[in-house]
Amino acid sequence: MKTKIIAIVAALLLIGPAQGQDNLLGDLTLTARLGYSLGGTAPVGLPATIRKLEKFPLTTNYSIGVDAQKPLAGQWGLMTGLHWENKGMSTDAKVKNYHMEIVRGGESLEGVFTGNVVTKVEEFMFTVPIQATYNIKNVCIKCGPFFSYLTYRRFYGWAYNGYLRVGDPTGPKVELGEGENERGSYEFSPHMRKVQFGIDLGADWMLSRKFGLYADLSWGLQGVHKSDFKTIEQTLYPIFGTIGVIYRIK
C-alpha cells in the first residue's frame, strides 16, 4: 500500500498542474516494459576470504512495469512508474577462513569456515523509479533513484566439503561433508531489509513508434541485511542489470 501511495504521488508530481483532462495527458508518454535481470547481492570488491566463484547459474529474474514520462524543457524530462520485480541469485564459492554461523545436526555453530559455500537469494518487490530523462532522437537516457518494497525475501544456503573452526581459526575443528545430513545450513532471511533504495541508470531505444528495447543498471546504496547483522562481515549490495522490450501505450 505504501508503494502504491508513493507511485500516485510521484505521478501527480510528474504530471504537474493542469486545467483540463486534455492538457493533463496531452504530452504524457506511457510505456509498458518486460525485462530479464541478471546480477546478485555482492560486496564491492571481492574479499580475500572468497577465493573462487565456482558456480553462478542463471535464475529466473523478471521485471514488468508501466512508466510515465513527462517532457519538461527542451530534450529534458522526468519519468516515474511502478515495477514488479524478482531479483534472485544462486552461487557456489570456494572460501577460506570465512566467518559463518551454521546449524548442523540441530546444533548451532559459529566460527570460520574453509570449503564451499552455497548462497541462494530470493526477492520479490514493488519498485518505484524517479528518473531524469534526456532524449536524443529515438533514444532516451535516464538516471535517478529507485525505491523498492519487498513483499517476499529469503537468504539461505549451506557450507559443505570443508571444515569449521569453532570460535576462531585456532578453535575446535568440525568437518562438513557434502550430504544433506553432513553439511551445515544457514538461514539469514529474518535479518533482511524490507525496503531498498539505490541508483538506476539506463536507456530506452525505440525501434518503431510502438516497440523498443531497454537496458538498465540498478545499484543498491545499502546492504540487503539490516545494519545490526554482523554474521556476514561484508556488506552485500543488490546490483542487477536488466534488458527487455518496451511497448508504447500512449
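Residues numbered from 1 in each chain as written. Predicted model: local features only at pLDDT ≥ 70, side-chain atom pairs only at ≥ 80, totals over all residues. Heavy atoms only, no water.

1. Digging into the overall build of the chain
Threshold: The numbering of helices and of strands both runs from the N terminus, where a helix is a DSSP run of H or I of at least 4 residues and a strand a run of E of at least 2. Burial classification: accessible surface area is computed with a 1.4 Å probe over protein chains only, and a residue below 20% of its type maximum counts as buried, one above 50% as exposed, and the rest as partly exposed. Contact definition: two residues touch when any of their heavy atoms are within 4.5 Å. Each accessible area value is a Shrake-Rupley result obtained with a 1.4 Å probe; residue values ignore everything except the protein chains displayed when judging cover.
Each helix and strand in the chain was counted, giving two helices and twelve strands. Walking the chain from its N terminus toward its C terminus, one meets helices and strands in the order α-α-β-β-β-β-β-β-β-β-β-β-β-β. Every one of the 250 residues in the chain was classed for burial, and the buried ones make up 44%. By sequence separation, contacts in the chain at least 24 residues apart represent 72% of the contacts at least 6 residues apart. As displayed, the chain has an accessible area near 13,300 Å², and 62% of this comes from carbon and sulfur atoms.

2. As for the side chain of Q131
Rule in force here: In protein, a polar contact requires one atom able to donate a hydrogen and another able to accept it; more generally it is a pair of N or O atoms within 3.5 Å, and residues adjacent in sequence count only if both atoms are side-chain atoms.
Topologically, Q131 is positioned in strand β6 (residues 107–136). A polar contact is formed between the side chain of Q131 and the side chain of D200, at a distance of 3.2 Å. What Q131 contacts, discounting residues up to four positions off in sequence, is G77, L78, M79, K142, C143, G144 and D200.

3. Description of the pattern of salt bridges
Two side chains of opposite charge can pair, provided their charged atoms sit close to one another. Put simply, the rule is: The salt bridge criterion pairs a side-chain nitrogen of Lys or Arg with a carboxyl oxygen of Asp or Glu, the two atoms within 4 Å.
Scanning the model with the defined rule gives eight salt bridges in all. When the shortest N-O distance is used, the salt bridge between D204 and K142 registers 2.9 Å. Highlighted residues: D204 in strand β10 (residues 195–206) and K142 in strand β7 (residues 139–166), separated in sequence by 62 residues. Under the relative-accessibility criterion, K142 is labelled buried at 2%. Between E187 and R154 there is a salt bridge whose closest N-O contact spans 3.1 Å. With E187 in strand β9 (residues 184–187) and R154 in strand β7, this residue pair connects regions lying 33 residues apart in the sequence. When its relative accessible area of 38% is taken as the criterion, E187 is described as partly exposed. Each of R33, D67, K142, D204 and D216 takes part in a single network of salt bridges with overlapping partners.

4. Section: the packing of aromatic side chains
Using the following cut-off: Two rings from Phe, Tyr or Trp (for Trp, the six-membered ring) form a pair when their centres are within 6.5 Å of each other. A pair whose planes differ by under 30 degrees is stacked, one over 60 is edge-to-face, and the rest are tilted. Our definition puts a charge over a ring when NZ of Lys or CZ of Arg is within 6 Å of the ring centre and also within 35 degrees of the ring normal.
Evaluated as defined, the whole model comprises eight aromatic pairs. Where F211 meets Y247, the ring centres are 5.3 Å apart and the plane angle is 55 degrees; that geometry is what we call tilted. Placement of the pair is F211 in strand β11 (residues 211–220) and Y247 in strand β12 (residues 237–248), with a sequence separation of 36 residues. By way of ring pairs, the aromatic residues W84, F124, F126 and Y152 are connected into one cluster. For the cation-ring pair, R183 lies above W158, with the distance from its terminal atom to the ring centre recorded as 4.1 Å.

5. A word on unusual backbone geometry
Within the chain, N97 stands out as a residue other than glycine whose phi angle is a positive 55 degrees. Counting through the fold element by element, N97 comes out in strand β5 (residues 89–104). The exposure class assigned to N97 is partly exposed, which follows from its relative accessible area of 37%. Non-glycine residue K137 carries a positive phi angle of around 55 degrees. Mapped onto the elements, K137 comes out in the loop between β6 and β7.

6. Description of the pairing of strand β3 (residues 62–73)
Note the cut-off: We call two strands paired when DSSP finds no fewer than two bridges between them.
In this structure, strand β1 (residues 29–42) lies alongside β3, joined through eight bridges in antiparallel fashion. In the sheet register, L34 faces β3, and the bridge partner there is I64. In this sheet, strand β4 (residues 76–86) lies alongside β3 in antiparallel orientation, the contact comprising ten bridges. Bridging across to β4, S63 finds its partner in E85. Between the antiparallel neighbours β3 and β4 lie two residues, among them G74 with a positive phi of about 60 degrees.

Such coordinate-based values are descriptive only and should not be taken to indicate function.
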